[in-house]
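If you want the building blocks of each chain, they are given just below.
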Amino acid sequence: MPQESKSVSYGGQAVIEGVMFGGKNINVTAVRRKNNEITFLEVPRQDKSWVKKLRKIPLIRGIVGIIDSSAKGSKHLNYSADAYADDEIEPEERTKQKEKEESGLSLTMMIGVAAVGVLSFIVSKLIFTLVPVFLEDFIFGGLFDHYILHNLVEGVIKLALLLVYLWAITLTPVVKRLFQYHGAEHKVISTYEAGDELTVANVQKHSRLHYRCGSSFMMLTIVLGVIIYSIVPWDNMWDRVLQRLVLLPVVIAVSFEFLKLTNAMRETPVLRYLGYPGLWLQLLTTKEPLDEQVEVSIASFNRMRELDAELENSKASSSVRTGALDAVKG
């Protein structure tokens, strides 16, 4: 395996008809258009110095990383959604739509795409955390008294809701293709980490499951949430709700660290099984990709590494002006 692949851990996410990969200096999304052309969104990373410092602090780095990825990921999702919508409308309608956008402010322009992404994450996390609490209390509230038993049943309900939700959305064609691109993203990273050449044939040989995945993170928040919530007792429903809200950042932070641990231990006998629940969940959140989808994922990864190396060399030589790279390039 190349030495670089041992020291660099790349991540990414699936978007509509494409894949985003994040490097040290830049995030790149590749999208397959309706005319079969692959276009790119290239966004240099401009992290503040204090953000970089927080990323090095255990527990805190998990919260910072997730908020940051939600903010930046929304920009790439928005790009892919716009590209998909643009391909589906007639040329005349496209012209009218662009004129309308230029004449007024859209919601994302007023609030900011990044803010929308962070807000969406927070709201969805709160809903997924609190709905099982009320549901468990409504169904099982009077059956037993011990709070740990209620926490366990709540965890089972939360897992069941997650599985049903993921299964239901996979029935839609758009989400099914999204999950295929998710599988293509995992396969490319696994191929790179194995030191193999990034060809479609090589990539397709690798598993679509990967230890370092957001799906595994979702599973960890459920399992570790039951444990963490059981440390602090609660006496009534409102104490229970307040406890969930206060401890939610703790659950996220601990789950992030545990995810890093399971990834580090994936080659260690016995300990590698710690990451299996997350891998099982990926059987729902990833699908086997088509060759054309793998091509897009490879294009995104190669472009990211190419630009990442250029920016890294530019920093070293201090010879590149700020803004030399366009944020968006088709």
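**Q** It is not clear to me how the overall build of the protein should be interpreted in this structure. Could you clarify?
**A** Within the protein, the secondary structure is distributed over 13 helices and 5 strands. Relative to its 330 residues, the protein shows a buried fraction of 41%. Expressed as a percentage of contacts within the protein between residues at least 6 apart in sequence, the contacts between residues at least 24 apart total 71%. Of the roughly 18,100 Å² that the protein leaves accessible, carbon and sulfur atoms contribute 63%.

**Q** For this particular structure, what's the right way to read the packing of aromatic side chains?
**A** Centre-to-centre distance and the angle between the planes together describe a pair of aromatic rings. Under the defined criterion, the tally for this structure stands at 7 aromatic pairs. Centroid distance tyrosine 10 to phenylalanine 301: 5.4 Å. Interplanar angle 90°. Geometry classified as edge-to-face. Separated by 291 residues along the polypeptide, tyrosine 10 in the loop between α1 (3-7) and β1 (11-15) and phenylalanine 301 in helix α13 (residues 291-317) bring together distant segments of the chain. The exposure class assigned to phenylalanine 301 is buried, which follows from its relative accessible area of 0%. Between the aromatic rings of phenylalanine 21 and phenylalanine 301, the centroid separation amounts to 5.1 Å while the plane-to-plane angle is 80°, which identifies the pairing as edge-to-face. Taken together, the residues span a long stretch of sequence, with phenylalanine 21 in strand β2 (residues 18-22) and phenylalanine 301 in helix α13 at a distance of 280 residues.

**Q** Would you explain the pairing of strand β4 (residues 38-44) in this entry?
**A** Regular strands have side chains that alternate between both faces of the sheet. Along β4, 5 of the 7 residues are buried, which leaves the element largely enclosed by surrounding structure. Pairing between strand β3 (residues 26-32) and β4: 7 bridges, direction antiparallel. Within the sheet, the bridge partner assigned to arginine 32 lies in β4 and is isoleucine 38. Taken together, β3 and the strand that follows it, β4, pair antiparallel across an intervening segment of 5 residues, in which asparagine 36 is found at a positive phi of about 80°.

**Q** I keep staring at the nonpolar core and nothing clicks. Help me out?
**A** Membership of the largest hydrophobic core comes to 22 residues, with the highest contact counts inside it found for Phe21, Val188, Phe301 and Met304. For this core, the elements supplying multiple residues, two or more each, are β2, β3, α8 (173-193) and α13. In terms of residue count, α13 provides more of this core than any other element does, 7 residues in total. Sequence-distant contacts of phenylalanine 301, that is, excluding residues within four places in its chain, are made with Tyr10, Phe21, Val188, Tyr192 and Leu198. Ile66, Tyr229, Leu248 and Leu259 belong to the second-largest nonpolar core, a separate cluster that totals 11 residues.

**Q** What exactly am I supposed to notice about a positive patch on the surface here?
**A** Residues Lys52, Lys53, Lys56 and Lys315 make up a contiguous surface patch of positive charge. Positionally, lysine 56 belongs in the loop between α2 (49-54) and α3 (60-88).

**Q** Any chance you could explain helix α12 (residues 276-285) here in plain terms?
**A** Residues spaced three or four apart along an α-helix point in a common direction, a consequence of the helix completing one turn every 3.6 residues. Residues Gly278, Leu279, Leu281, Gln282, Leu284 and Thr285 constitute the buried set of α12. At its buried positions, α12 is contacted by α7 (147-169), α8 and α10 (214-229).

**Q** Explain the packing of α7 against α10 here, please?
**A** Packed helix pairs are specified by the crossing angle of their axes together with the interaxial distance, meaning the distance between the axes. In the contact formed by α7 and α10, the axes pass within 9 Å of each other and the chain directions differ by 170°. In this view, α7 runs roughly antiparallel relative to α10, as classed from their interaxial angle. Two secondary-structure elements touch here, α7 through Tyr147, Asn151, Leu152, Gly155, Lys158, Leu159 and Leu162 and α10 through Met218, Met219, Ile222, Val226 and Tyr229. Residue composition of the contact of α7 with α10, by class: 9 nonpolar, 2 polar and 1 charged.

**Q** It is not clear to me how the packing of α3 against helix α11 (residues 237-264) should be interpreted in this structure. Could you clarify?
**A** Look at α3 against α11: their axes get within 8 Å of each other, and the N-to-C directions meet at 95°. In this view, α3 runs roughly perpendicular relative to α11, as classed from their interaxial angle. Residues Arg61, Gly62, Ile63 and Ile66 of α3 touch α11, and the partners they reach there are Pro249, Ile252, Ala253, Phe256, Glu257 and Lys260. Here the contact of α3 with α11 is composed, by residue class, of 6 nonpolar, 1 polar and 3 charged.

**Q** I would appreciate a short explanation of the confidence of the model for the protein in the present structure.
**A** When pLDDT drops low, the exact placement of atoms in the prediction is not to be read closely. On average, residues of the protein score 82 in pLDDT, and 83% of them are at 70 or above. No element of the protein has a lower mean pLDDT than helix α5 (residues 107-111), which averages 44, and none a higher one than helix α9 (residues 200-204), which averages 97. Across residues 1-6, confidence stays below pLDDT 50; counting only partners more than four residues off in sequence or on other chains, it has 10 contacts. Every residue in residues 100-105 is under pLDDT 50, and counting partners more than four places away or in other chains gives 2 contacts.

**Q** I keep staring at the environment of phenylalanine 258 and nothing clicks. Help me out?
**A** By secondary structure assignment, the location of phenylalanine 258 is in helix α11. For phenylalanine 258, a relative accessible area of 24% translates into the label partly exposed. Taking the C-alpha atoms as reference points, phenylalanine 258 and leucine 59, 199 residues apart in sequence, are found 10.0 Å from one another. If sequence neighbours within four positions are ignored, phenylalanine 258 has contacts with Leu220, Leu224 and Leu274.

Definitions and cut-offs
- In every chain, residue numbers begin from 1 and rise along the written sequence.
- Local features in this predicted model are restricted to residues whose pLDDT is 70 or higher, and side-chain atom pairs enter the listing and the counts only when it is 80 or higher, whereas totals over whole chains, interfaces and linings include all residues.
- Heavy atoms throughout the structure, all of them, feed into the side-chain values; hydrogens and water do not.
- Secondary structure counts use DSSP, requiring at least four H or I residues in a row for a helix and at least two E residues in a row for a strand, with both numbered from the N terminus.
- Only protein chains enter the accessibility calculation, which uses a 1.4 Å probe. A residue is then buried if its area is under 20% of the maximum for its type, exposed if over 50%, and partly exposed in between.
- Any two residues whose heavy atoms approach within 4.5 Å at even a single point are treated as in contact.
- Per-residue and other accessible areas were derived by the Shrake-Rupley procedure at a 1.4 Å probe size, with only the shown protein chains allowed to occlude residues.
- Stacked, tilted and edge-to-face are the three classes assigned to paired rings of Phe, Tyr and Trp, where Trp is represented by its six-membered ring and a pair needs centres within 6.5 Å; plane angles under 30 degrees give stacked, over 60 edge-to-face, the rest tilted.
- When DSSP finds two or more bridges between a pair of strands, those strands are recorded as paired.
- Here, nonpolar core refers to any group of buried Ala, Val, Leu, Ile, Met, Phe, Trp, Tyr and Cys residues whose side-chain atoms link them within 4.5 Å.
- Nonpolar side chains (Val, Leu, Ile, Met, Phe, Trp, Tyr) are joined into patches within 5 Å and like charges within 9 Å, using only residues with over 30% relative accessible area and no salt bridge.
- Should a side-chain nitrogen of Lys or Arg be within 4 Å of a carboxyl oxygen of Asp or Glu, the pair is scored as a salt bridge.
- Positive charges are assigned to Lys and Arg, negative charges to Asp and Glu, while His and the chain termini are left out of the count.
- The atoms used to mark charge sites are NZ of Lys, CZ of Arg, CG of Asp and CD of Glu.
- Here the axes come from fitting lines to C-alpha atoms, over the contacting stretch only for helices, and the angles between their N-to-C directions go from 0 to 180 degrees.
- For classification purposes, angles smaller than 35 degrees are called roughly parallel, those larger than 145 roughly antiparallel, those between 65 and 115 roughly perpendicular, and all remaining angles oblique.
- Gly falls in the polar group here, along with every residue not listed as nonpolar (Ala, Val, Leu, Ile, Met, Phe, Trp, Tyr, Cys, Pro) or charged (Asp, Glu, Lys, Arg).
- What pLDDT conveys is the predictor's confidence in a given residue, as a value from 0 to 100.

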